[in-house]
Amino acid sequence: YSDEHVQALAVDVLARWQQAALTAHRSQLLSLIRGKTFRETLAMFSVDKSSGTLQAEHRALLLPILTRLLFARLTIRVGRGASKNSMAARRATIFAFFSGFASHELRELFDLIVGPISAVGACTFDGIADPAADARRAAAVARVPATQQLGVVRSLHECIQQIGVELQAYLPEAMAALMHLLRLATHCVCHTSEGSKEEAAFLLDDARIDAPMALTLQQARELRLWCIKTFGLILRIFPNANFEHYMPMFWSCVAPVLRRLHSHYSQSPAGLLELIGALMSQRATLPLLSLSPTPVLPCAFGCFSAPNVSTSVMDCVLSIAEALVKHCGDATKPNASNDKKTARDGEDDGDSDGDNDGDSEGDGDGDEDGKDAIDGDDDRDVDMDAEGKALLLAHVPQLLSQLHARLKSKFGGSDAAKALAAAGAGSAATRELRLLVSLAPYVENGEQAKQMIELFLPYLRLKHTARTERVKAQALSLIRQLIGMTPQPLAHAHFFALLFGQLRSRHARHELCLLWAALPDAIAAAPAISPADRERHAELTELATELIELNAFEETSIDECDYGRRLDAYGRIPPLLSRLSPPTCLPLLCHCLFDVELDDIALRHVASHTVKLIIRRAAVNAGPSRDARKHAQVNADARTDAPAADAASTAAMEWEAMLSRVLMPAVRHGLRLPTEKDLVRAELTSLLAAALLEAPWLQPELATLLSPRDAEADFFYNMTH
């Protein structure tokens, strides 16, 4: 009874029996009843056995009285909402006080919490053994007032959250109450007049009951949410309990929520999404996913491609995917079994470390029972590892598909530059990349490898920072491992070539060189490569060697260029140019333009000389002007060597594109460098003059400023001197 005066009179009556427990603590009980002294008395009144405040012989009589006094105060509303006496703070304090009770001493509290549900016989669950009896119990819960149903679930949630493992003995009753409450709430959500017809269509037959509409739509949805949240909390605190008895009914009840996660729960994490995260976070609960008639993980991963999905939902789904990969990764560690055995042997109490979620106990003295227990745990671990790996492999295609759709919408929208800048500045980009990196070892075919590479490409476009350079290096490393599995290894060769002019860090450029070194082997292994690409095999082999040399660093110094190797490589480039096609020459041009902008005179001059050689070769092969080439194309049908002419025309267009779309934009960018880069700007001005001299059609109006025969009249010569 919640009235303070009545409670005080009841304590006085009980004290007249002169029981030692009540006589010794009468004043404290009265102080707990009075609101003004409640918090102070509760803080000083410790019931923990180790404190010694309460004698052991007094506990049996005093603790049930304490339980009833404190339970009455759980629902008393006193004080303002923000004060220290608010209901939420008081409830948390009271439930924390109960954590000093032993497990068997919590029976009174548990019975008071689930009393309304127990009164209608709904604290028993038969499952598949007697589904009709369970349906009758769930329907009987409708006789409990709606506010009491919500109060039971919320109190149960707070009680489990504060007290934890001491409630394990009462878990069957708590789960039975939750299942019946959830079933009734689902029934009311799907069958009220305001409810969604779509939800009713998704409800499975196993969860249907014949019961009155005891809850409004809002109350039913709130009750369903709290049931799911409480079950998720139970899964985290009791991961090794046996939940298989309850899971078929649970999955049948939440099917309407599960099927609509991607469409109706993309702005705030649903309780079900967090529960799936709890299932995935611990290896012991992984098998429970297979008990759902509706595939669980595909519904959760569908949130990846949901439009305008919130950050909190994305974090939750990423955690689910990361947990799945982690379990599979633990299974494939080379010394996993030895690590588990070492962890068991080194512990006296039997609990393994955080990397091994299953509880394993051994007495350490080598008896047969302990050995059998350890062997049994090993068998269970192997089964869980195999199940986790099978689960991951089954969902890799969908994971890649959903991530591809997400990154495509994220980086390919109307304002892609803004999206790239935002991704480079936040932590979401690296978290998604880490997930992709962890998925890479499980790619099994060329189509998956192709899709995975396309997922990495947006990260290579991030704006340059020290952090994004590390991201790019990691992405390039994974692309190099996957490139050999793709049916078209050179599909993104043009983009990879342009990266030589964009990447700044040593590690990222080294990974890019290794990627180009892997391309020849990838071409040789590709089954459906085009003849033109196969002809580039020899070119790429020779080019990759020189690219590695052009980016060489001293092995005995820190970040010191190996000038000997680099200058020797530049010396071997002139004869190599005559054998390179335009696509193969592009990475060389981009690298040279990168070296031109360095504050290193030796490398800048030799790189500038190499760029001029490339310009000369490109201008010669580009042939006549655009108009002349158009005229040649018109008359191409009259030639007998039309295929050869078409190939020559294509090569000429590629050489021209290299100058107009790569060289000229790089020169324009360099000419806008600050005044501190005057020497670099002068070098780029000389490159512009060389380009206009060899290919005046690039900028006809600027080409008129050239005067090769009279240096004094040459505009560009005067600009650089």
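(A) Spotlight on the overall build of the chain. Assigned secondary structure in the chain consists of 34 helices and 0 strands. Within the chain, the fraction of its 721 residues that count as buried is 50%. Considering only residue pairs separated by 6 or more positions, the chain has 70% of its internal contacts joining residues 24 or more positions apart. Here the chain displays about 33,900 Å² of accessible surface, and carbon together with sulfur accounts for 54% of that area.

(B) Highlighting empty space enclosed by the protein. Overall, the coordinates contain 1 cavity of 30 Å³ or more when judged by the stated rule. As a volume, the largest cavity reaches approximately 40 Å³. Lining the largest cavity are F110, L156, I160, L167, Y170, L171, A174 and F238. Elements supplying a minimum of two residues to the lining of the largest cavity: α9 (146-163) and α10 (171-191). Residue composition of the lining of the largest cavity, grouped by class: 8 nonpolar, no polar and no charged.

(C) Representation of the nonpolar core within the structure. The biggest cluster of nonpolar side chains holds 224 residues, and the ones touching the most others in it are F243, F250 and W516. Of the residues forming this core, the biggest block, 14 residues, is contributed by α10. Ignoring sequence-local partners within four residues, the contact set of F243 consists of L171, M175, F231, I234, L235, F238 and L288.

(D) Layout of the packing of aromatic side chains. Tallying each qualifying case throughout the model produces 13 aromatic pairs. Ring geometry for F301 and F304: centres 6.1 Å apart, planes at 25 degrees, overall stacked. Taking the relative accessible area as the measure of exposure, F304 reaches 1% and is therefore buried. Relative to F716, the ring of F715 has its centre 5.4 Å away and its plane inclined at 80 degrees; by these criteria the two rings are edge-to-face. Note on F716: relative accessible area 4%, which makes it buried. Clustering of aromatic rings is evident, with ring pairs tying together F45, F97, F98 and F101.

(E) Quick peek at helix α2 (residues 20-33). Taking 1.5 Å of rise per residue, 14 residues should cover 20 Å, and α2 covers 20 Å from first to last C-alpha, within 8% of that figure. Along α2, the sharpest kink reaches roughly 60 degrees, centred on R26. If you check which residues of α2 are buried, you get A21, L22, H25, L29, L30, S31, L32 and I33. The secondary structure elements touched by the buried residues of α2 are α1 (4-15), α3 (38-44) and α4 (56-72).

(F) Focus on unusual backbone geometry. The residue Q18 is not glycine, and still its phi comes out positive at about 60 degrees. The residue Q18 is located in the loop between α1 and α2 in this model. Look at D559: it is not a glycine, yet its phi comes out positive at around 50 degrees. Mapping D559 onto the fold places it in the loop between α26 (531-550) and α27 (563-577).

(G) Fine view of the confidence of the model for the chain. Mean pLDDT over the chain stands at 81; residues scoring 70 or higher make up 83%. Across residues 331-382 the pLDDT falls below 50, and counting only partners more than four positions away or on other chains, this stretch makes 40 contacts in the model. Note on residues 636-640: pLDDT is under 50 here. Beyond four places in sequence and across chains, it has 3 contacts.

(H) Structural detail: the packing of helix α28 (residues 582-596) against helix α29 (residues 601-622). In the contact formed by α28 and α29, the axes pass within 8 Å of each other and the chain directions differ by 145 degrees. Relative to α29, the crossing made by α28 is left-handed. Contacts between α28 and α29 pair C585, L588, L589, C592, L593, D595 and V596 from the former with L603, R604, A607, S608, T610, V611 and I614 from the latter. Here the residues of the contact of α28 with α29 are counted per class, giving 10 nonpolar, 2 polar and 2 charged.

(I) A look at the environment of P145. Position of P145 among the secondary structure elements: in the loop between α8 (131-140) and α9. With relative accessibility at 41%, the residue P145 sits in the partly exposed group.

(J) Quick look at the pattern of salt bridges. Counting across every chain of the model gives 19 salt bridges. With its nearest N and O atoms 3.2 Å apart, the salt bridge here joins R506 to D559. One end of the pair, R506, is in helix α25 (residues 506-525); the other, D559, is in the loop between α26 and α27, with 53 residues separating them in the sequence. Sharing partners across several salt bridges, the network here consists of R107, D111 and E173.

(K) Layout of the environment of T650. Its place among the elements puts T650 in helix α31 (residues 642-671). Separated by 28 residues in the primary sequence, T650 and A622 place their C-alpha atoms 9.5 Å from one another.

(L) A look at the side chain of S608. Counting through the fold element by element, S608 comes out in helix α29. When sequence neighbours within four positions are dropped, the list of residues in contact with S608 reads V596, E683, S686 and L687.

(M) A nonpolar patch on the surface, seen in detail. On the surface, V13, L14 and W17 cluster together to form a nonpolar patch covering roughly 340 Å² of accessible area. Tracing the sequence through the fold places V13 in helix α1. Residue class for V13 comes out partly exposed when judged on its relative accessible area of 49%.

(N) Expanded view of α25. Given a rise of 1.5 Å per residue, 20 residues ought to cover 28 Å, and the 29 Å separating the end C-alpha atoms of α25 matches this to within 8%. The largest bend in α25 is about 30 degrees, located at L519, with the proline P520 one to four residues further on. Among all positions in α25, only A508, R509, E511, L512, C513, L515, W516, A518, L519, P520, A522 and I523 are buried. Against the buried residues of α25 lie α23 (466-482), α24 (493-498), α26 and α28.

(O) Looking closely at the packing of α10 against helix α12 (residues 217-237). Two numbers describe how α10 lies on α12: the axes approach to 8 Å, and their chain directions differ by 150 degrees. Taken together, the axes of α10 and α12 lie roughly antiparallel to each other. Between α10 and α12 lies a crossing whose hand is left-handed. Together, L171, M175, L178, L181, L182, A185, T186, C188 and V189 of α10 and L217, A220, R221, L223, R224, C227, I228, T230, F231 and I234 of α12 make up the contact between the two elements.

(P) Seen up close, the environment of P441. On the secondary structure map, P441 appears in the loop between α21 (428-439) and α22 (446-456). Judged by its relative accessible area of 63%, P441 falls in the exposed class. When the C-alpha positions of P441 and L478 are compared, they lie 9.2 Å apart, and in sequence the two are 37 residues distant.

What counts and how
- Residues numbered from 1 in each chain as written.
- Predicted model: local features only at pLDDT ≥ 70, side-chain atom pairs only at ≥ 80, totals over all residues.
- Heavy atoms only, no water.
- Helix = DSSP H or I, 4+ residues; strand = E, 2+ residues; numbered from the N terminus.
- Buried < 20%, exposed > 50% of the residue type's maximum accessible area, 1.4 Å probe, protein only.
- Contact = heavy atoms within 4.5 Å.
- Areas by Shrake-Rupley, 256 points an atom, 1.4 Å probe, with all protein chains shown as cover.
- 1 Å grid on protein atoms, 1.4 Å probe; cavity = no way out; pocket = protein on both sides within 12 Å on 5 of 7 lines; lining within 4 Å.
- Points joined across faces, edges and corners; volume = space filled by probe spheres on them.
- Nonpolar A, V, L, I, M, F, W, Y, C, P; charged D, E, K, R; others polar.
- Core = buried A, V, L, I, M, F, W, Y, C linked by side-chain atoms within 4.5 Å.
- Phe/Tyr/Trp six-rings, centres within 6.5 Å; stacked < 30°, edge-to-face > 60°.
- Expected span 1.5 Å × (residues − 1).
- Bend = angle between axes of the 7 residues up to and from the residue.
- pLDDT = per-residue confidence, 0-100.
- Axes fitted to C-alpha atoms, helices over the stretch in contact; angles between N-to-C directions.
- Left-handed = near helix turned anticlockwise from the far one by under 90°.
- Salt bridge = Lys/Arg side-chain N within 4 Å of Asp/Glu carboxyl O.
- Patch = residues over 30% accessible without salt bridge, like charges linked within 9 Å, V, L, I, M, F, W, Y side chains within 5 Å.
- Parallel < 35°, antiparallel > 145°, perpendicular 65-115°, else oblique.

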